[in-house]
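Working through the structure, step by step
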Amino acid sequence: MKLITLLASAAVALGLAGGAYADGHEKTKVGFVFVGPIGDGGWTYEHNKGRLAVEEALGDAVETVYVENVAEGPDSERVMTQMALDGADLIFTTSFGYMDPTINIAAKFPDVKFEHATGYKRADNVSTYSARFYEGRAIQGHIAGKMTKSNIIGYIASYPIPEVIRGINAAYIHAAKVNPDVEFKIIWAYTWFDPAKEADAARALIEQGADVVLQHTDSTAPQAAAQEAGNVVTFGQASDMGQYAPFPRVSSIIDDWAPYYIARTKAVIDGTWESTDTWDGIGPGMVGIGEISDAVPADVKEEALAMKAAIADGSYHPFTGPLKKQDGSDWLADGEVADDGTLAGMNFYVEGLTGEIPQ
Amino acid sequence: MDLSVINPILLIAALMSAATPILLAATGELVVERAGVLNLGVEGMMILGAICGFAIAVETGSPLTGFVAAAIGGAMLSLLFALLTQVALANQVASGLALTLFGLGLSALLGQRYVGVKPPRMGDMNFGPLADIPVLGPILFSHDPILYLGIALVAAVWATLKYTRVGLILRAVGENHDAAHALGYKVVRIRTLAIMFGGACAGMGGAYISLIRVPQWTEGMTAGVGWIALALVVFASWKPWRVLLGAYLFGGITQLQLNLQGAGVAIPVEYLAMSPYIITIVVLVILSADKSAAPGSLGRTFHASH
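Keep in mind that what you see is a predicted model, and the values were worked out from it rather than measured.

**A closer look at the interface of chain A and chain B**
Counting residues at the interface gives 29 residues for chain A and 32 residues for chain B. A per-element tally of the side of chain A that touches chain B places helix H7 (residues 195–207) of chain A first, with 9 residues. Residue classes in the side of chain A that touches chain B are distributed as 13 nonpolar, 10 polar and 6 charged.

**Some remarks on the sheet that holds strand E5 (residues 126–131) of chain A**
All names here are of chain A. Here we have 6 strands laid out as an open sheet, ordered E2-E1-E3-E4-E5-E11, and parallel in their pairing. Strands at the two margins of the open sheet, each flanked by one partner only, are strand E2 (62–67) and strand E11 (277–280). When the angles between neighbouring strand axes are averaged without regard to direction, this sheet yields 15°. The sheet contact formed by strand E4 (residues 113–117) and E5 spans 4 bridges and is parallel. Within E5, the position partnered with His116 by the bridge is Thr128. In the packing of helix H4 (residues 99–108) onto the sheet, contacts are made with strand E3 (90–93), E4 and E5, and the angle to E4 comes to roughly 170°.

**Side note on the sheet that holds strand E10 (residues 249–255) of chain A**
All names here are of chain A. Sheet architecture is open: 6 strands sit in the order E7-E6-E8-E9-E10-E12, paired in mixed fashion. With partners counted over all chains shown, the strands left at the sheet margins are strand E7 (183–188) and strand E12 (287–290), one partner each. Strand-to-strand twist in this sheet, taken as the mean axis angle between neighbours without regard to direction, amounts to 20°. Here strand E6 (residues 152–157) pairs with E7 via 6 bridges, running parallel. By the bridge assignment for E7, Ile153 is matched with Phe184.

**Details of the environment of B:Ala71**
Residue and element names in this part refer to chain B. Within the element layout of this structure, Ala71 appears in helix H3 (residues 63–87). On the basis of neighbour counts, which here come to 26 C-beta atoms within 10 Å, the residue Ala71 falls in the buried class. Along the primary structure Ala71 and Met122 are separated by 51 residues, whereas in three dimensions their C-alpha atoms are 16 Å apart.

Rules behind the numbers
Residues numbered from 1 in each chain as written. Chains lettered and ligands numbered in written order. Predicted model: local features only at pLDDT ≥ 70, side-chain atom pairs only at ≥ 80, totals over all residues. Contact = placed C-beta atoms within 7 Å. Helix = DSSP H or I, 4+ residues; strand = E, 2+ residues; numbered from the N terminus. Nonpolar A, V, L, I, M, F, W, Y, C, P; charged D, E, K, R; others polar. Pairing = 2+ DSSP bridges. Axes fitted to C-alpha atoms, helices over the stretch in contact; angles between N-to-C directions. Buried ≥ 20, exposed ≤ 12 C-beta atoms within 10 Å, placed from the backbone.

So, in structure tokens, the structure goes:
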């Protein structure tokens, strides 16, 4: 009898404890999956800054966890599953290659909210978000076209995905606009982060005559290579990379994820989270333009800032016609503006670019 | 497509520099494996060497001191591996993998203060008038000292293994550790020294990336070079000159494919990107048709009582 009472009270106690535990789950747990190390000085560094901003803004209400250097593809599913099993309420997957894994894992954990960066697949518990980096690329292209003396601009591309192709097109259109003789040399590095390879690619471009090097990879290695060469202009990618200012780094595209991350985490806490598609640019502040250094002539700097202001207030769109595709077919008529659908799936070069996009 | 934009002299000079980290690490691993130990921790030792070398070079202002520190750092980490596998008799594969993970984590910790710092530059060797010889000058006489050290190391390892008593003992330990033990050689001691040599070489290879090739510190910056070095040792049939050939081939085709892309050659980029791996493997596999086999005791645990 006593034993039964004991067992019963133990069971009640356990049940209570279990209930208390469930109620005590007050901290909202936010997970981040990173493609590179948080110290890469570029892409992942900025996402991690966003994570820290969430912690700072929401304090004790949240707990954040992150895993760095997660390979894109199936291996990332393992990391996401672990995060979900560990009780994450919201998981940010911060690279394009996590798209299908995010959708797969989100289907298995319907109560966990997912946010996938730069992708285009959504579900009831999967939002997507991205920044209109191409707006910054347009400004870069303008400065690059004005600054180049050899008329050869090198471009270190990562993977042939719409986001990267959009960047190449936006930069080329605006470089060619101010300098019709400009030529783009594009190297596909097939990596987001590999400093040695990025440095090699930058050197190969410089040896082939490029005096401006744009990069869509995450490390600062191309900046170092340009600095060594001495007369080559670069731009910070994803982060300010200000340690290479004022030269070779003359400006930068800065991703500012903090406001978005804070807003989305708050939405989960308040229970107002919904699956959405966010694509913000310079106007709302998701894309920042790093300080244009004095190495850029004053008039060019002024033009660049004017373009920035026009893009921010919506009076200018970087993809405004007349524009043709690489094969000479018409894309946008005079004054026509590209729609988001075409931009999101962009898989063609504009007229004037040479070479083929790897398929 | 315009191949004339590729300057073959600059290309060859660049490939020698690109190949040096792989060459250093692979030469060290070759000695380790010839002694019968399989150390999969090359990547970890390289990255630790990269940050040790970088940090010391920044603090002292001397890149050469940095390289010495990198060698010491790599050797210290490899000593941990030696402790696990030679004294505690742990599994070599697992210990090696653990060493890589540990090295990556430790280097990230050590390197936190060094992100974005610029290291002192190592000047090129001064060969005086030799550097002015057309074609040969820029290719052979315009590099940093460590690159020449790498080549000298290959020659030294080759000569030592082939012609000296030390080399013979090392190979005996690697081929059959029981027999070597029966002859009175200190198997564990010899292997520990070989492992430390491998660690020192890998450390310098890592520092070559952080101090000369990139040059800066970023977490995880070796990005898999250690694994390529490991594979290279196997494909080179554990022979020093073939390691040199493989490293130059790999470095060369990597550089060439970047240059071809820049020149807009109409070969699909995917083929160009995989070409360094494929061509290096094919060439070394053809070369290894002479039935050279792995060291007999490779990867096996030794204990005197067995």
